[in-house]
Amino acid sequence: MSGINTLKGAYIRSALKEGKRNDSREQFQMREIEINREVLSNAEGSARARLGNTDVIAGVKVVVEEPHSDTPEEGNLIVSAELLPMASADFETGPPSPAAIELARVVDRGIRAGSCVDLQSLFIEKGKVYSVYVDIYVLDYDGNLFDVCTIAAMSALMNTRLPKYSDGEVDRKDRSAKLKIDNVVSSATFGKFGGDIILDMNADEEQAADARITITTDGKVVRAMQKGLNGDFSIKEVEQLVDIALKKNSEITGHIKR
Amino acid sequence: MASKINKPKLIHDGKRLDGRGPDELREIKIEAGILKNANGSAYLEWGKNRIIAAVYGPKEVMPKHFADPNAAIIKCRYSMAPFSSLEEHGRSGQNRRAVEISKVIKEVFENVVVLNEYPNSEIDIFMEVLQSDGSTRAACINAAAVALASAGIPMKDMVYGVSVGKVDGEICVDVDMLEDNYSDADMPLAISHRDDRILLLQMDGDMSNEEIGRGFDMAVEAGKKIRELQREALLAMYKGV
């Protein structure tokens with residue numbers, strides 16, 4: 001950790017002890033969410049999502065492929081995330097870092113475990129299914145990529161249209177069928193600093209945090225969780241945060257569904 | 001996760017397919033100090049899981065610019081051997097799943113190892129799954145914890161790994177491969193022995209808050225048994241010395 005970050009971190013931690021955040025938000029207040037849909041016309045679905053100053057774009061491409069041998073009557077959903085070097089001085093070119101892989105897998109797991117996309121509706125004919133590729137590009141980083149990437153991916157999937165497939169040909173000009181969405185999930189990512197816990201960390205808060213937990217829900221039940229960083233949570237804390245995440249779902253999905 | 005269409009019934013009269021109750025662990029055997037070269041090591045059998053963990057260090061950091069002047073760094077590698085699963089030949093090396101698991105396990109041990117005892121040095125933890133039968137990351141954590149202790153590396157607490165799942169709608173501890181394939185939810189955990197701090201937590205599927213709470217209770221109960229086995233393995237290493 002660089003010297004300036006150590007100082008910033010110490011300031012953030014001491015202010016939190018008095019219940020103050022460096023951008024004067026409440027403990028469990030999310031930054032403003034802004035979503036623009038259908039921002040790209042070549043992709044089958046797209047959305048740009050901003051959470052405060054964090055800015056990501058998700059594009060969906062749908063291709064016709066052979067199904068997996070263990071699920072011959074289901075299509076595929078593949079979510080990946082890329083930390084573009086333009087998004088932060090700390091992101092570098094080259095193969096994906098463990099943090100980028102974790103991000104993509106956690107977002108993917110939430111949407112998959114939430115049964116958000118009806119994979120059976122992606123079956124075309126024997127040996128042919130639609131594969132839905134969701135690629136999330138991080139354009140500008142100011143913390144909490146887990147939550148904003150889930151928002152962008154969900155929003156892009158909800159305006160995704162399937163290209164027509166007939167006689168072995170994919171016709172991308174005819175995209176009249178909408179992708180069937182069965183469930184909408186949102187995640188809430190909390191950070192822990194000593195005994196203080198907050199929601200939706202910005203970049204400065206993130207670099208000072210001891211522990212992180214992402215809880216993905218559909219408002220009724222928990223669909224996925226991931227604890228991160230080398231700090232720890234008590235069992236009681238996890239249970240309290242699950243409650244908050246379940247309650248936050250309607251606020252966040254309210255933006256996604258609009 | 002396999003297709004739910006051919007899902008077998010996994011619980012009959014309160015018993016799981018291998019005869020266990022919901023709160024029962026599979027049979028576990030741990031042996032410490034099984035490798036000559038490594039500073040610490042452990043072999044673990046957990047049901048049909050077969051795992052070897054090895055610890056090297058504290059030693060010089062390679063490459064040097066990763067060194068932290070205030071603390072040791074931990075490198076962690078979880079890997080599944082290409083012959084480890086009942087299915088096809090797996091690809092050797094780190095796939096994306098293994099990278100993620102290595103990262104979250106590393107974070108567990110960064111929490112408990114007293115890193116500032118060894119500035120400018122590194123501690124390597126290698127976990128190799130020779131045979132997999134579900135809950136391998138939990139099993140690896142148990143083996144790695146014993147390997148670290150057998151290397152004499154100071155830790156502020158011992159840790160255990162255990163998974164909790166929702167099988168046929170029932171919360172069960174220690175899900176095996178078959179149960180995992182058809183489970184409604186899976187929640188791998190690593191917890192500190194002394195004060196039940198959650199060091200690793202992942203979950204996917206669907207669980208209510210009440211079910212998650214019951215899962216934690218079961219995991220903590222199981223942890224007491226795992227603790228004894230870890231202790232015995234470490235004591236046995238010094239018998240006959």
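Residues numbered from 1 in each chain as written. Chains lettered and ligands numbered in written order. Predicted model: local features only at pLDDT ≥ 70, side-chain atom pairs only at ≥ 80, totals over all residues. Heavy atoms only, no water.

**Details of the overall build of chain B**
- Tallying secondary structure elements over chain B gives four helices and 11 strands in all.
- The C-alpha atoms of chain B give a radius of gyration of 18 Å, which matches the 18 Å a tight globule of 241 residues would have.
- With the C-alpha coordinates of chain B rotated into their principal frame, the extents come out at 55 × 40 × 35 Å.
- Looking at chain B as a whole, 54% of its 241 residues are labelled buried.
- Put simply, 69% of the contacts in chain B that link residues at least 6 apart link residues at least 24 apart.
- Here chain B has roughly 10700 Å² of accessible surface; of this, 51% comes from carbon and sulfur atoms. (Helix = DSSP H or I, 4+ residues; strand = E, 2+ residues; numbered from the N terminus. Rg over C-alpha atoms; globule rule 2.2 N^0.38 Å. Buried < 20%, exposed > 50% of the residue type's maximum accessible area, 1.4 Å probe, protein only. Contact = heavy atoms within 4.5 Å. Areas by Shrake-Rupley, 256 points an atom, 1.4 Å probe, with all protein chains shown as cover.)

**Re the sheet that holds strand β6 (residues 73-80) of chain B**
All names here are of chain B.
- Taken in spatial order, the five strands make up an open sheet running β3-β4-β5-β7-β6, and their pairing is mixed. Of all the strands in the sheet, just β3 (28-32) and β6 have a single pairing partner and so form its edges. Averaged over all neighbouring strand pairs, the angle between strand axes comes to 15 degrees, with direction disregarded.
- Bridge analysis of β6 against strand β7 (residues 121-131) gives eight bridges, and the strand direction is parallel. (Pairing = 2+ DSSP bridges. Axes fitted to C-alpha atoms, helices over the stretch in contact; angles between N-to-C directions.)

**A short note on the nonpolar core**
- Judged by nonpolar contacts, the single largest core of 131 residues is most densely connected at I136(A), F190(A) and F109(B).
- In this structure F109(B) touches I74(B), I125(B), I141(B), A144(B), A145(B), L148(B) and V159(B), once residues within four positions along its chain are discounted.
- By size, the runner-up hydrophobic cluster in this structure holds seven residues, among which are L16(A), F193(A), I198(A) and M201(A). (Core = buried A, V, L, I, M, F, W, Y, C linked by side-chain atoms within 4.5 Å.)

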